[in-house]
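Residues per chain, in single letters:
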Amino acid sequence: METTDSITAVKQKIKQVKHDGGSVGFVPTMGFLHEGHLSLMRRARKETDFVVASIYVNPTQFGQNEDLDAYPRDIVNDARQSKSAGVDLLFAPSNKDMYPDGYSTFVNLKGSMVEGLCGKSRKGHFQGVATIVTKLFNIIRPDFAYFGQKDAQQIAVIRRMTRDLDMDVTIISCPIVRESDGLAMSSRNAYLSPTEREEASALSKSLFYARDIIQSGERSPVSVRQTIEKIIAEAISTEIEYIEIVEQDTLKPLEVLAGRFMIALAVKIGKTRLIDNLEMEL
Ligand code: AMP
């Protein structure tokens, strides 16, 4: 595995791979890698000839009061793990190269895709995501890009963006990797104290319970939301940011449970904001 911070070096390498007829798989990350990230890399390894992963904590997707400075970093361990997951090229650019002086261009989505769920509290977040993903796609020109269903709104936004802007890349959604008690793996889990970590399992438990009652015939989004809220409130003294049931592709709230939909939630445990979701089809 080669590691570089150079945009030019990545472009040169990709040109050569494409010239030789190879397909390019890409896994964008913010690093501090865990099994969730590695599952994306292994899948890219299986399905494409040349695998690029990026590690970049993108400042434009963090709000003013968010955890940009505290975000955990460990590039040495990340490189070791990426290599063992089969990555060919690790791209870890600097802020100076990604947003040079005078940088002025941003990709902005409008409407329900970015206004609901995490978009409500994280103003500008998806503009930052769409912008950095567009830049990375332009540098790496992947045939396939791998994203985790963990960040379900992010995938929906990126799919919409690639369709709207005629980008020549196939977006692959990969299942959420969970800890043994059900907690969705996240780099931010590192912030949790031992007590908070225990409490955090209530999130996935509430989602799994919601799935059970839906499978047993419950069709009211209001009842499902109330059930989830009750389970979380009983387990944690926390601030629930949202519990929403939305149509899978448009992210519009559902009146009745039918078709492909997603139950998504965001909760603050102590200072740590955690998200989780579950996809269903009826
Ligand atoms: P991040 O480093 O948090 O920006 O995540 C990079 C990619 O890994 C995104 O596509 C995430 O959705 C994905 N990812 C993060 N956590 C998980 C997880 N627990 N399971 C599957 N994919 C994940």
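Only a predicted model underlies this, so the values are computations on that prediction, with no experimental measurement involved.

Q: Outline the site of the ligand, listing residues and values.
A: The environment of the ligand is formed by 17 residues, the closest being M30, H37, D151, V177 and M185. Within the backbone of G148, a nitrogen or oxygen atom sits 2.9 Å from an oxygen atom of the ligand. A distance of 2.7 Å separates an oxygen atom of the ligand from a polar atom in the side chain of D151. Out of a free accessible area of 490 Å², the ligand has 93% covered by protein chains. In a pocket analysis with a 2 Å cut-off to the grid points, the ligand is assigned to the largest cavity. Breaking the shell around the ligand down by element, the ones donating at least two residues are β2 (24-29), α2 (35-47) and β5 (144-148).

Q: Could you give an account of helix α3 (residues 75-84), naming the residues involved and the relevant values?
A: Within α3, the full set of buried residues consists of D78, A79, Q81 and S82. Along its buried surface, α3 packs onto α2, β3 (50-55) and β4 (89-91). Once α3 ends, the next one or two residues include G86, with phi positive near 95°.

Q: An account of unusual backbone geometry is needed here, citing residue identities and associated values.
A: The phi torsion at F32 lies on the positive side, around 50°, for a residue other than glycine. Turning to its location among the elements, F32 is positioned in the loop between β2 and α2. Residue classification places F32 among the partly exposed positions, given a relative accessible area of 29%. One non-glycine residue, L251, lies in the positive phi region at around 65°. Within the secondary structure layout, L251 lies in the loop between β7 (239-247) and β8 (260-269).

Q: So, the sheet that holds β7: which residues are in play, and what are the values?
A: An order of β7-β8-β9 is seen for the three strands of this open sheet, with the pairing classed as antiparallel. Only two strands of the sheet have a single neighbouring strand rather than two, namely β7 and β9 (272-281). Across this sheet, the average inter-strand angle for adjacent strands is 10°, counted without regard to direction. Where β7 and β8 come together, eight bridges link them in antiparallel fashion. Within β8, the position partnered with I245 by the bridge is I263. Docked against the sheet, helix α10 (residues 201-215) engages β8 and β9, running at close to 20° with respect to β9. Sitting on the sheet, helix α11 (residues 221-235) is in contact with β7 and β8, with an inclination near 150° to β7.

Q: Before we move on, can you summarise α11 with the specific residues and values?
A: Over its 15 residues, α11 extends 21 Å from the first C-alpha to the last, a length consistent with the 21 Å expected when each residue adds 1.5 Å. Every buried residue belonging to α11 is among P221, V224, I228 and I232, and all of these are buried. What you see down the axis of α11 is that its buried residues fit within an arc of 70°, all on one side. When the buried face of α11 is taken as reference, the exposed residues oriented beyond 90 degrees from it are V222, Q226, K230, A233 and E234. Considering only its buried residues, α11 is in contact with α10, β7 and β8.

Q: Quick one: what's the story with the packing of aromatic side chains, residue by residue and with numbers?
A: Scanning all chains against the criterion turns up four aromatic pairs. Judged by centre distance (5.0 Å) and plane angle (85°), the ring pair of Y99 and Y103 falls under edge-to-face. Here Y99 falls in the buried class, since its relative accessible area comes to 15%. Between the NZ or CZ atom of K135 and the centre of the ring of Y99, over which it lies, the distance is 5.9 Å.

Criteria and cut-off values
Residues numbered from 1 in each chain as written. Predicted model: local features only at pLDDT ≥ 70, side-chain atom pairs only at ≥ 80, totals over all residues. Heavy atoms only, no water. Near = heavy atom within 4 Å. Polar contact = N/O pair within 3.5 Å; in protein donor to acceptor, adjacent residues only side chain to side chain. Areas by Shrake-Rupley, 256 points an atom, 1.4 Å probe, with all protein chains shown as cover. 1 Å grid on protein atoms, 1.4 Å probe; cavity = no way out; pocket = protein on both sides within 12 Å on 5 of 7 lines; lining within 4 Å. Sits in = over half its atoms within 2 Å of the grid points. Helix = DSSP H or I, 4+ residues; strand = E, 2+ residues; numbered from the N terminus. Buried < 20%, exposed > 50% of the residue type's maximum accessible area, 1.4 Å probe, protein only. Contact = heavy atoms within 4.5 Å. Pairing = 2+ DSSP bridges. Axes fitted to C-alpha atoms, helices over the stretch in contact; angles between N-to-C directions. Expected span 1.5 Å × (residues − 1). Arc of directions from axis to C-beta. Phe/Tyr/Trp six-rings, centres within 6.5 Å; stacked < 30°, edge-to-face > 60°. Lys NZ or Arg CZ within 6 Å of the ring centre and 35° of its normal.

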